[in-house]
Amino acid sequence: MKSLRMKISVILTAVIVLLLLGVSIINYKSAQNLYTQKVVEDELPLAVSNVAGEIGYSIDKVINTSYQMTKNDYLLKWIDDGEPTDTLSTLFAYNTDLMKAFNLSTAMFVSDKTLNYYTHDKILKQLSKDNPRDSWYFDVKNGKEINSLNIQVSEATGSLTLYVNSKVEKDGKFYGVSAIGVNLDDVVNLVTSKTMGEGSKFLMVDSSGLIKIEKSDRVGKVNVLDVLGKEKFDILMNKNGGVIRHSNGTNNLIIGSKYVPSLDWYLFGEMDEDVLLKDLNTLFYSAIGVILVAVIISILVALMMSSYLLKIILKLKTGLLSFFDLLNHKTNKAEPIDIRSKDEFGQMAELINKNTKAIEDDIKDQVLFISKANTFVNEIKDGNYEASL
């Protein structure tokens, strides 16, 4: 009996554990797919779009400021007057106010007439076509765009600077180029300080895929085309944005992109899928642990209950065998069933014990009657006709 009970317990336990694990794994995979799908379709594109919008707004604000410099009537009149040095302080003050108001690293103007490079506090130098560092000015002058951007080390501050250059023109006359500069560290901090949680980051690449901004040593050295391959590269380098899933051999990544027109660069938002699902994995393993504990407790309770029921059944079996022996006159007294519980088993034992007692009493009366009858018969045989039962 114990062997059978153990076999049944083991089989039932295995079936229950396998069913619960199967259901848990199915639910986990479904939740994992739904969560990842939500991130790919909604959360990541929205986060990348928001950060790209913030970067674009910051750059557009600088571009608008640079453009407004081109509409400065005082600047145009000052140039027409021959750029008198006795009023330079007004130009310097104007550039200084712009720098303070918009947190700029530099504000300057290059006159096409004199090629003087005016900063916020001095004439830095006079440009020359023969100087390679001055080629940016002639590129802007001869270019078709009113506004343009370039990145180079500022001669005024020595720091890597993002310049927004704007042509100064009026009535078809070209006066020069006004430019304002933003310390590239500010743009880098704006990009790299953003996060979508643990295991995520933002970076920027130019239109060719070369990494321009990232917290790593890959800046200016690595092209994402070589990292991702052409198919994934084409999906991301889409002006409408895109999302891909990519494994770099160590991490499973979800990467989204957004085009930033003002820079003609692309913002990439990158999330580590394994880190993303860490909480879900923890929840899954916790659920498995709870299920196993619950199964173990259930098995222990079931074993205790089965042990209790087995004892009750054995007592009923012993009592019924003794009762049948009584009925078959193999014994004169049946063993009472000792079950003192108030449940159905106790009620059954009490009923059997009462009937057994009644039958025992009847049997005793029958035995007594038969004994008296035998005595009466013997006395008649002996001639005692006065004997009676």
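Preceding block: the structure.
Residues numbered from 1 in each chain as written. Predicted model: local features only at pLDDT ≥ 70, side-chain atom pairs only at ≥ 80, totals over all residues. Heavy atoms only, no water.

1. A closer look at the packing of aromatic side chains
Remark: the centre distance and the inter-plane angle together describe each pair of aromatic rings, the angle taken between the planes. Scanning the entire structure with this criterion turns up six aromatic pairs. Relative to Tyr137, the ring of Trp136 lies with its centre 6.0 Å away and its plane at 90°, an arrangement referred to as edge-to-face. Accessibility expressed as a relative area gives 0% for Tyr137, which makes it buried. A centroid spacing of 5.2 Å and a plane angle of 85° characterise the contact between Tyr137 and Phe138, whose relative ring orientation is edge-to-face. Exposure remark for Phe138: the relative accessible area of 13% places this residue in the buried category. In this structure an aromatic cluster arises from ring pairing among Tyr117, Trp136, Tyr137 and Phe138. (Phe/Tyr/Trp six-rings, centres within 6.5 Å; stacked < 30°, edge-to-face > 60°. Buried < 20%, exposed > 50% of the residue type's maximum accessible area, 1.4 Å probe, protein only.)

2. Let's talk about the side chain of Thr70
Relative to the helices and strands, Thr70 is located in helix H1 (residues 2-70). A polar contact is formed between the side chain of Thr70 and the backbone oxygen of Tyr67, at a distance of 2.4 Å. Not counting residues within four places of it along the chain, the set of residues in contact with Thr70 comprises Leu76, Ser166, Lys167, Val168 and Ser178. (Helix = DSSP H or I, 4+ residues; strand = E, 2+ residues; numbered from the N terminus. Polar contact = N/O pair within 3.5 Å; in protein donor to acceptor, adjacent residues only side chain to side chain. Contact = heavy atoms within 4.5 Å.)

3. Describing the sheet that holds strand E10 (residues 252-260)
Pairing in this open sheet of five strands is antiparallel, and the strands run E8-E7-E11-E10-E9 from one edge to the other. The outermost strands of the open sheet, each flanked by one partner alone, are strand E8 (211-213) and strand E9 (242-247). Recorded for the sheet is a direction-independent mean angle of 35° between the axes of neighbouring strands. Inspection of the sheet shows strand E7 (residues 200-206) paired to strand E11 (residues 265-272) by seven bridges, in the antiparallel sense. The partner of Met204 across the bridge, within E11, is Leu267. Across the sheet, helix H5 (residues 184-192) touches E7, E8 and E11, and the angle it forms with E8 is around 95°. (Pairing = 2+ DSSP bridges. Axes fitted to C-alpha atoms, helices over the stretch in contact; angles between N-to-C directions.)

4. Regarding the pairing of strand E6 (residues 173-183)
Taken across its 11 residues, E6 has 10 buried, putting it largely inside the fold. In this structure, strand E1 (residues 106-111) lies alongside E6, joined through six bridges in antiparallel fashion. Each bridged residue has a counterpart across the sheet, and for Ser111 the counterpart in E6 is Gly176. As judged from the 10 bridges shared by strand E5 (residues 160-170) and E6, these two strands associate in the antiparallel manner. Counted as the bridge partner of Asn165 is Ala179 from E6.

5. Quick notes on unusual backbone geometry
You will see that Glu83, though not glycine, has its phi angle at about 55°, which is positive. With respect to the secondary-structure elements, Glu83 resides in the loop between helix H2 (73-80) and helix H3 (88-102). Its identity is not glycine, yet Asn103 carries a phi of approximately 55°, on the positive side. When you line up the elements, Asn103 lands in the loop between H3 and E1.

6. Describing the nonpolar core
Counting residues in each nonpolar core, the largest one holds 32 residues, and the members touching the most others are Ile55, Met204, Leu263 and Leu267. Counting residues per element, the ones that place at least two in this core are H1, H3, E5, E6, H5, E7, E10 and E11. Looking at which element gives the most residues to this core, the answer is H1, with 10 residues. Core analysis: the next-biggest nonpolar cluster, separate from the first, contains 14 residues, Val205, Phe233, Leu236 and Tyr259 among them. (Core = buried A, V, L, I, M, F, W, Y, C linked by side-chain atoms within 4.5 Å.)

7. Description of the sheet that holds strand E2 (residues 116-118)
A sheet is described by the order of its strands in space; here six strands give the open sequence E3-E2-E1-E6-E5-E4, paired in antiparallel fashion. In the strand order of this sheet, the two ends are held by strand E3 (123-126) and strand E4 (147-153), each with one partner. For this sheet the average axis-to-axis angle between neighbouring strands, irrespective of direction, equals 25°. Here H2 sits on the sheet and contacts E1, E2, E5 and E6; the angle it forms with E6, its principal contact strand, is near 130°. Those strands touched by H3 are E1, E2 and E3, and its axis lies near 140° from that of E1.

8. Overview of the pattern of salt bridges
Enumeration according to the criterion identifies 11 salt bridges in this entry. Linking Glu54 and Lys194 is a salt bridge whose minimum nitrogen-to-oxygen distance equals 2.9 Å. Here Glu54 is found in helix H1, whereas its partner Lys194 is found in the loop between H5 and E7, with 140 residues between them in sequence. Linking Asp112 and Lys141 is a salt bridge whose minimum nitrogen-to-oxygen distance equals 3.0 Å. With a gap of 29 residues between them, Asp112 in the loop between E1 and E2 and Lys141 in helix H4 (residues 135-142) connect regions that are remote in the sequence. (Salt bridge = Lys/Arg side-chain N within 4 Å of Asp/Glu carboxyl O.)

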